[in-house]
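# Structural description and commentary
Given next are the chains, with one letter for each unit.
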Amino acid sequence: MSLAEPTTEGTYGDRVVAVEPGGNEHIAEADRHGRPSQLFWTWTSPNLEFATIFVGMLAVLAFGMTFWQAVAGVMVGTGLGAVAHFLLSARGPLHGVPQMVMARLAFGFRGNAVPAVLMSITAGVGWFATNSVSGAFALSTLFGFAPLVGLVIIVAAQTVLAFFGHNLVQAFERFSFPVLAVIFLAASVAVFAHADLGNAAPAADGVGGLGGFLLTVGTSFGYAAGWTPYAADFTRYLPASVSPRRTGSFAAAGLFTACVVLEVVGAASVTTGAASLADPTGSFTAELASPLAKATLLAIAVGAIAANAINVYSGAMAFVTIGIRLPAHVARALVTVFFGVAGFLVAWWALPDAAHSYEAFLLIIAYWVGPWLGVVFADQYLRRDQPVAHLLYDRSYTNWGGLAAFVFGLVASVALFANQEKLVGVIATAVPQLGDITFFVGFVLAAAGYIVLCRKKLAAQTV
């Protein structure tokens, strides 16, 4: 480790009810604690929520898939996201820094500000608003008050958790896991009891065909891969001696299991005939017996809090990584509160048309995360075992080739293959049956661009 690296002071340890004193510093060995197995519930709990279920509902209601086609698309998209999550999570204990600090290797200190801002907006505002809306509707249905009241309750709870920081967030994920797992398991059994899987026909006004399948892959990938820019944030406190394989495996298994199970349940719920994009939360619980329906609504609210505690925490962490010249722990606390307010305002705005906003949001995440992963993985491949600690906090370190490859992959893939209502690429216009493969193309173009632009630079650093 370079002496220039800011490092935590060893006073935080495993204390739960304490405000995390650090920001984005390297985690000292005295503060390291935990074991890889805890990552299973760290990444299961935030995905046991209605936003996950809704991905499966979209596959049938909006993309025109049959149930079994939706299952296949969900497995492929989520599997790709889980593989990326495995690879990034595994590096956390070794380097002991947040994911967006590690991304400075590929983008340089200043160039990394671009993906860091995108990640902050995606997590601290976009996902925050999305999950808050589903939680607000659940509380509104359960208790009968206005959705805005539910939104205030949800936002307050998740912002407090994120403000306290890493250990309290981890504790909340741990203790909410069994409650959420039992309730959603019971709801899943009830949904499948009413489902008509063999005779399920695709929606008449859905996309259908290869295009619908690729949209299903894209949205499920966008949902799962949306967590990858946070991956190391929740493994960096583990002791450096833990197994990278076990670390990555538990993180990926938690993500994959929760996403696949609930997205498949979401697709199955459509075959009951009660599902509706106008009221997805209410229609999902409509087929459940009253006590189970009420418990499921409560679980949806708790799941939203579990997801957004992570979103706000990591969104603030990414924003601090931009290089704000304040004590890192002060900046993290201030940004956490800011994102809480901003996320509340966006969620309030999105309440009237949450369904269509969510579909577009999932694809937009995939648009930038695909090229970002391409650059990060290409950098990791080229460096292999190269020492990197001295670069992570060096403000003079530049790697503009990484930013150029990212921008090239993002702009070219969107211009050619984007396939949304208000944004259709050139190739997608000519061949609409392709659906939306923007994220795949962006990944490949960005990775190839990085290798071409940065191979010699990185090879020279090893000399």
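First things first, this report covers the structure right here in the doc. All figures in this text were calculated on a predicted structure; none of them were measured in a lab.

## Points about helix H10 (residues 209–225)
An ideal rise of 1.5 Å per residue puts 24 Å on 17 residues; H10 measures up with 24 Å between its terminal C-alpha atoms. Within H10, 14 of the 17 residues are buried, which leaves the element mostly enclosed by the surrounding structure.

## Details of the pattern of salt bridges
For the structure shown, the criterion picks out two salt bridges. As a salt-bridge pair, glutamate 20 and arginine 236 come within 3.2 Å of each other at their nearest N and O atoms. Taken together, the positions of glutamate 20 in the segment before helix H1 (39–44) and arginine 236 in the loop between H10 and helix H11 (244–270) put the pair 216 residues apart, joining distant regions of the chain. Arginine 236 matches glutamate 20 in its accessibility class, with the two residues each being buried.

## Points about the packing of helix H2 (residues 50–61) against H11
In contact at an axis separation of 6 Å, H2 and H11 are set at 45 degrees when each is read in the N-to-C sense. By the angle class used here, H2 and H11 are oblique. Considering the relative orientation of H2 and H11, their crossing is right-handed. Contacts from Thr52, Ile53, Val55, Gly56, Met57, Val60 and Leu61 in H2 reach Ala258, Cys259, Leu262, Glu263, Gly266, Ala267, Ser269 and Val270 in H11. Its residues assigned to classes, the contact of H2 with H11 shows ten nonpolar, four polar and one charged.

## Description of the packing of aromatic side chains
All chains considered together, the criterion is met by 16 aromatic pairs. Ring geometry for tryptophan 227 against tyrosine 230: centres 5.4 Å apart, planes inclined by 75 degrees, an arrangement best described as edge-to-face. Using a relative accessible area of 4% as the deciding quantity, one classes tryptophan 227 as buried. Aromatic ring contacts, followed pair by pair, group Trp43, Trp227, Tyr230, Phe234 and Tyr313 into a single cluster. When the ring centre of tyrosine 381 is taken as origin, the NZ or CZ atom of arginine 384, which lies over that ring, is 4.2 Å away.

## As for the side chain of serine 45
Structurally, the position occupied by serine 45 is in the loop between H1 and H2. Relative accessible area serves as the criterion here: at 0%, serine 45 is assigned to the buried category.

## Describing the side chain of arginine 383
Mapping arginine 383 onto the fold places it in helix H15 (residues 354–383). When its relative accessible area of 5% is taken as the criterion, arginine 383 is described as buried. A polar side-chain atom of arginine 383 sits 2.8 Å from the main-chain carbonyl oxygen of leucine 105. In this structure the side chain of arginine 383 is engaged in a polar contact, spanning 2.7 Å, whose partner is the side chain of tyrosine 397. Every residue in contact with arginine 383, bar those within four places of it in the chain, is listed here: Leu105, Val388, Leu391, Tyr397, Asn399, Tyr450, Leu458 and Gln461.

How each quantity is defined
Residues numbered from 1 in each chain as written. Predicted model: local features only at pLDDT ≥ 70, side-chain atom pairs only at ≥ 80, totals over all residues. Heavy atoms only, no water. Helix = DSSP H or I, 4+ residues; strand = E, 2+ residues; numbered from the N terminus. Expected span 1.5 Å × (residues − 1). Buried < 20%, exposed > 50% of the residue type's maximum accessible area, 1.4 Å probe, protein only. Salt bridge = Lys/Arg side-chain N within 4 Å of Asp/Glu carboxyl O. Axes fitted to C-alpha atoms, helices over the stretch in contact; angles between N-to-C directions. Parallel < 35°, antiparallel > 145°, perpendicular 65-115°, else oblique. Left-handed = near helix turned anticlockwise from the far one by under 90°. Contact = heavy atoms within 4.5 Å. Nonpolar A, V, L, I, M, F, W, Y, C, P; charged D, E, K, R; others polar. Phe/Tyr/Trp six-rings, centres within 6.5 Å; stacked < 30°, edge-to-face > 60°. Lys NZ or Arg CZ within 6 Å of the ring centre and 35° of its normal. Polar contact = N/O pair within 3.5 Å; in protein donor to acceptor, adjacent residues only side chain to side chain.

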